Amino acid sequence: MKILVSCILMCCFSSAKAQSNATETEINKQVWFPFIQAYQDMNADNLMRLHAKDLVRVPVDAGKILTYQEYALGNQQSNAYQQQQKRKQSIAFSFENRIHNATTAYETGFYHITSTEADGKINHYYGKFTVVLRKTEGQWKIILDSDTGKNITETMFLSGKQL
């Protein structure tokens, strides 16, 4: 009887783990990989397509809460400035937590931004993020996006599960 119960529990755990991996793969494909590309391309429109219209954006270090429209405008202005300065940028993610059900995801982790100046000088920035995603009509969208850069290090970034 103990063996039967153990086998049932192992099957349930394996099924839940497989579903979690499938959800993470779907979120990566629909949100994180396009986010990385839009960020690198400095394409604010593509970046904003990954966010729900009822987005709550919280740049903690600025002490603000932004709407979708405010965040979109900020991204457009920032990208225009970066392009004017002939800078290049990239972003990478590592995850601490990835908790999902069929329609909602809560993810926390770290990001690493690499910014290359026109003269070739390279700068590195690290931050910690918290996002909540919602799946509607088969598409995952970010509904809460919060981050901070205070006291975040490369070691912290490296401690997460790399995307």
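So, how was this worked out
Along every chain, residues carry numbers that run from 1 in the direction the sequence is written. Totals for whole chains, interfaces and linings use all residues, but because this is a predicted model, local features are given only for residues with pLDDT of at least 70 and pairs of side-chain atoms are given and counted only at 80 or more. Excluded from the side-chain calculations are hydrogens and water; all other atoms, namely the structure's heavy atoms, are used. A run of H or I in DSSP counts as a helix once it spans at least four residues, and a run of E counts as a strand once it spans at least two, with each numbered from the N terminus. When a residue's accessible area, from a 1.4 Å probe over protein chains only, is under 20% of the maximum for its type it is buried; when over 50% it is exposed; and in between it is partly exposed. Any two residues whose heavy atoms approach within 4.5 Å are treated as being in contact. Working definition of accessibility: Shrake-Rupley area with a 1.4 Å probe, residue cover restricted to the visible protein chains. Two rings from Phe, Tyr or Trp (for Trp, the six-membered ring) form a pair when their centres are within 6.5 Å of each other. A pair whose planes differ by under 30 degrees is stacked, one over 60 is edge-to-face, and the rest are tilted. Being paired, for any two strands, means DSSP has found at least two bridges between them. Nonpolar cores are built from buried Ala, Val, Leu, Ile, Met, Phe, Trp, Tyr and Cys residues. Side-chain atoms within 4.5 Å join them into one set. Per-residue confidence from the predictor is reported as pLDDT, which spans 0 to 100.

**Brief notes about the overall build of the protein chain**
(1) Moving on: Looking only at helices and strands, the protein chain has four helices and six strands in total.
(2) Moving on: The N-to-C order of helical and strand elements in the protein chain reads α-α-β-α-β-β-β-β-α-β.
(3) Moving on: Burial statistics for the protein chain: of 163 residues in total, 37% are counted as buried.
(4) Moving on: Of the contacts made within the protein chain by residues no fewer than 6 positions apart, 57% connect residues no fewer than 24 positions apart.
(5) Moving on: For the protein chain, the exposed area adds up to about 9900 Å²; of that, 57% sits on carbon and sulfur atoms.

**Brief notes about the packing of aromatic side chains**
(1) Moving on: Under the definition given, this model contains eight aromatic pairs.
(2) Moving on: Measuring from ring centre to ring centre gives 5.9 Å for Trp32 and Phe35, while their planes differ by 50 degrees; the resulting arrangement is tilted. Note that Trp32 and Phe35 are positioned in helix H1 (residues 2–41) at a spacing of three residues, about one turn of the helix.
(3) Moving on: For Trp32, a relative accessible area of 2% corresponds to the buried category.
(4) Moving on: Arranged with centres 4.7 Å apart and planes meeting at 55 degrees, the rings of Trp32 and Phe93 form a pair that is tilted. Of this pair, Trp32 sits in helix H1 while Phe93 sits in strand E2 (residues 88–100); the two residues are 61 residues apart in sequence, bridging distant segments of the chain.

**Quick notes on the sheet that holds strand E6 (residues 161–162)**
(1) Moving on: Pairing in this open sheet of six strands is mixed, and the strands run E1-E5-E4-E3-E2-E6 from one edge to the other. Each edge of the open sheet is held by one strand with a lone partner, namely strand E1 (51–59) and E6.
(2) Moving on: Inspection of the sheet shows strand E4 (residues 122–136) paired to strand E5 (residues 139–148) by nine bridges, in the antiparallel sense. Among the inter-strand pairings, Arg134 is bridged to a residue of E5, identified as Lys141.

**Section: the nonpolar core**
Here is a general trend for soluble globular proteins: nonpolar side chains tend to be buried in one another's company.
(1) Moving on: Residues Trp32, Phe35, Phe93 and Leu133 are the most contacted members of the largest nonpolar core, which totals 24 residues.
(2) Moving on: For this core, the secondary structure elements donating two or more residues are H1, helix H2 (44–48), helix H3 (68–84), E2, strand E3 (104–116), E4 and E5.
(3) Moving on: Sequence-distant contacts of Phe93, that is, excluding residues within four places in its chain, are made with Trp32, Phe35, Ile36, Phe110, Tyr111, Phe129, Phe157, Lys161, Gln162 and Leu163.

**Looking at the confidence of the model for the protein chain**
Low pLDDT means the predicted coordinates in that region are not meant to be read closely.
(1) Moving on: When the pLDDT values of the protein chain are averaged, the result is 92; 88% of them are 70 or greater.
(2) Moving on: Here residues 9–15 is a poorly scored stretch, pLDDT under 50, and it has zero contacts once near neighbours within four places are set aside; other chains count.

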